[in-house]
Amino acid sequence: MDLSSACLCGSGHEYQQCCKPFHIGKKLPATALALMRSRYVAYVLRDVTYLQGTWEVTKRPAVIDFSRENITWLRLEIVETKKGGPTDNKGIVTFKAFYLENGNECVMNEISRFMKTNGRWFYLDGVIKSMGAINIQTNLGKNAACTCGSGKKFKRCCGAD
């Protein structure tokens, strides 16, 4: 990743100043949201070490295998955060992660839980609310429910100009 390019987490900051210090262990995320963003970028970069190191130890998978993954991550959209601030011990981040799979743009909508132990945030677990292809051409109109499963109208979600 080009150090002067915008971070893939969507913060608007350069990678070098945003998620890279977390990835190389120079800094710890101060909030659940910062951890969520840095984990998304770690998925894009396939940084297994960072992903496992930020997963709560009792929930951490023994192996993360990207060898069969045939998707390209496109962008991250934060939908909502609950708690997860610097003084909290628990937090929830709802997000949409957009990706390409077999030529189709898809979205995964997840609610992730985080916890802080000894001053450090960890990913606990997540519930995938919806996942699948976004087919804008078959949408019934801008006032129809968005096909990504957000519960919002298409015009206020994936169809926003």
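Parameters and conventions
Residues numbered from 1 in each chain as written. Predicted model: local features only at pLDDT ≥ 70, side-chain atom pairs only at ≥ 80, totals over all residues. Heavy atoms only, no water. Salt bridge = Lys/Arg side-chain N within 4 Å of Asp/Glu carboxyl O. Helix = DSSP H or I, 4+ residues; strand = E, 2+ residues; numbered from the N terminus. Buried < 20%, exposed > 50% of the residue type's maximum accessible area, 1.4 Å probe, protein only. Phe/Tyr/Trp six-rings, centres within 6.5 Å; stacked < 30°, edge-to-face > 60°. Lys NZ or Arg CZ within 6 Å of the ring centre and 35° of its normal. 1 Å grid on protein atoms, 1.4 Å probe; cavity = no way out; pocket = protein on both sides within 12 Å on 5 of 7 lines; lining within 4 Å. Points joined across faces, edges and corners; volume = space filled by probe spheres on them. Nonpolar A, V, L, I, M, F, W, Y, C, P; charged D, E, K, R; others polar. Pairing = 2+ DSSP bridges. Axes fitted to C-alpha atoms, helices over the stretch in contact; angles between N-to-C directions. Contact = heavy atoms within 4.5 Å. Core = buried A, V, L, I, M, F, W, Y, C linked by side-chain atoms within 4.5 Å.

This next bit is on the pattern of salt bridges. Counted under the stated rule, the structure contains five salt bridges. Here Asp 125 makes a salt bridge to Lys 59, at a shortest N to O gap of 3.9 Å. Placement of Asp 125 in strand β4 (residues 120-133) and of Lys 59 in the loop between α3 (48-53) and β1 (71-83) is noted, with a sequence separation of 66 residues between them. For Asp 125, a relative accessible area of 22% gives the class partly exposed. The structure contains a network of salt bridges with shared partners spanning Lys 59, Arg 113 and Asp 125.

In this structure the tally under the stated criterion is five aromatic pairs. Ring centres 5.9 Å apart and planes at 85° place the aromatic pair Tyr 43 and Phe 66 in the edge-to-face group. Placement of the pair is Tyr 43 in helix α2 (residues 32-45) and Phe 66 in the loop between α3 and β1, with a sequence separation of 23 residues. With a relative accessible area of 9%, Phe 66 lands in the buried category. With a centroid separation of 5.7 Å and 65° between ring planes, the pair formed by Phe 114 and Tyr 123 is classed as edge-to-face. The same class applies to Phe 114 and to Tyr 123, which are both buried. An aromatic cluster of at least three residues, connected via ring pairs, comprises Tyr 40, Trp 73 and Tyr 99. Lying over the aromatic face of Trp 55, Arg 39 brings its terminal NZ or CZ to 4.8 Å of the ring centre. Above the face of the Phe 98 ring, Arg 75 is positioned so that its terminal group lies 3.9 Å from the ring centre.

Below, the discussion takes up the layout of surface pockets. In this model, the largest pocket occupies a volume close to 350 Å³. Considering the residues around the largest pocket, the lining is formed by 18 residues, among which Tyr 43, Trp 73, Phe 95, Met 108 and Glu 110 are closest to the centre. Counting only elements with at least two residues in the lining of the largest pocket, the list comes to α2, β1, β2 (90-101), β3 (104-117) and β4. Tallied by class, residues from the lining of the largest pocket come to 13 nonpolar, two polar and three charged.

Within the open sheet, the four strands sit side by side as β1-β2-β3-β4. Their pairing is antiparallel. Looking at strand neighbours, the two that pair on one side only are β1 and β4, the edges of this open sheet. Ignoring which end each strand starts from, the neighbouring axes of this sheet average 20° apart. Examined bridge by bridge, β2 and β3 share 12 bridges and lie antiparallel to one another. Bridge pairing links Leu 100 to Glu 105 in β3. Contacts from α2 reach β1, β2, β3 and β4 within the one sheet, and its direction differs from that of β1 by about 170°.

Next up on the list: the nonpolar core. Core analysis: the largest hydrophobic core is formed by 30 residues, its most contacted members being Cys 7, Cys 19, Met 36, Tyr 40, Val 41 and Phe 114. Only α2, α3, β1, β2, β3 and β4 provide two or more residues apiece to this core. For this core, the element with the highest residue contribution is α2, accounting for seven residues. What Cys 19 contacts, discounting residues up to four positions off in sequence, is Cys 7, Cys 9, Arg 37, Ser 38 and Val 41.

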